[in-house]
Amino acid sequence: DRPVIDDAPAAVRYGQRFVAAVEGVPALARLIRPGSATHMLNTDQRSIALGLEAGPRAGTVALTVPAAPALLPPGPYLLFVTDVNGVPSVGRWVSVS
C-alpha cells in the first residue's frame, strides 16, 4: 500500500507552512523539481526535503516550504510523501513562488 495525498494546495510560497490531507503515516515529504535536459545535461532537477509535523486534524500533516529561493527556484514541483518503509505516494503538482 502507498501513502496517498488526498488534498494539498496547488500553490505555496517560500517559508509557508501548509496542511495536506494524507492517508497513511508519512515519515518524510519532498518537493521534486522536474528535469529539464538539454545536450544530455540535467542541471535543474532538485529534491528538497520539507519540514514535516503532525497536522491539526487526524489524517493531516503540516509541511513547511524552505524560505530560500536559491535552494528552491520558483516553478512547478511534484510533492511526495514517503512512509517508514520507503514507499512513496503518487506525486501531486504544486507551484512554488
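Anyway, here's the lowdown on the structure attached to this text.

Analysis parameters
- Residues numbered from 1 in each chain as written.
- Predicted model: local features only at pLDDT ≥ 70, side-chain atom pairs only at ≥ 80, totals over all residues.
- Heavy atoms only, no water.
- Helix = DSSP H or I, 4+ residues; strand = E, 2+ residues; numbered from the N terminus.
- Buried < 20%, exposed > 50% of the residue type's maximum accessible area, 1.4 Å probe, protein only.
- Areas by Shrake-Rupley, 256 points an atom, 1.4 Å probe, with all protein chains shown as cover.
- Lys, Arg positive; Asp, Glu negative; His and termini not counted.
- Charge placed at Lys NZ, Arg CZ, Asp CG, Glu CD.
- Contact = heavy atoms within 4.5 Å.
- Polar contact = N/O pair within 3.5 Å; in protein donor to acceptor, adjacent residues only side chain to side chain.
- Pairing = 2+ DSSP bridges.

**Section: the overall build of the protein chain**
- In terms of helices and strands, the protein chain carries 0 helices and 8 strands.
- Helices and strands in the protein chain line up, N terminus first, as β-β-β-β-β-β-β-β.
- For the protein chain, the spread of C-alpha atoms along the three principal axes comes to 45 × 30 × 20 Å.
- Going through the 97 residues of the protein chain one by one, you find that 33% of them count as buried.
- Looking at the protein chain as shown, the accessible area adds up to about 5600 Å², and 58% of this sits on carbon and sulfur atoms.
- Looking at charge distribution, the protein chain has the averaged site of its 8 positive side-chain charges lying 9 Å from that of its 7 negative ones.

**Notes on the environment of Gly 91**
- If you trace the backbone, Gly 91 turns up in the loop between strand E7 (75–83) and strand E8 (92–96).
- C-alpha separation for the pair Gly 91 and Val 4, spaced 87 residues apart in sequence, amounts to 9.0 Å.
- Residue contacts for Gly 91: discarding those within four places in its chain leaves Leu 78, Leu 79 and Phe 80.

**Let's talk about the side chain of Thr 60**
- Tracing the backbone shows Thr 60 in strand E6 (residues 60–64).
- Judged by its relative accessible area of 10%, Thr 60 falls in the buried class.
- In terms of polar contacts, Thr 60 uses its side chain to reach the backbone carbonyl oxygen of Arg 57, at 2.6 Å.
- The contact partners of Thr 60, leaving out residues within four places of it in the chain, are Val 19, Ala 20, Ala 21, Val 22, Ala 54 and Gly 55.

**A closer look at the side chain of Thr 82**
- Its place among the elements puts Thr 82 in strand E7.
- Take Thr 82: its relative accessible area is 14%, and that puts it in the buried class.
- When sequence neighbours within four positions are dropped, the list of residues in contact with Thr 82 reads Pro 3, Pro 26, Ala 27, Leu 28, Val 87 and Pro 88.

**Remarks on the pairing of strand E5 (residues 46–54)**
- Here strand E4 (residues 26–33) runs beside E5; their pairing, made up of 5 bridges, is antiparallel. Across the sheet, the residue bridging to Leu 31 is Ile 48, located in E5.
- Relative to E6, E5 is paired through 4 bridges, and the arrangement is antiparallel. The residue of E6 that forms the bridge with Glu 53 is Ala 62.
- Between E5 and E6, which pair antiparallel in sequence order, lie 5 residues; one of them, Gly 59, sits at a positive phi of approximately 80 degrees.

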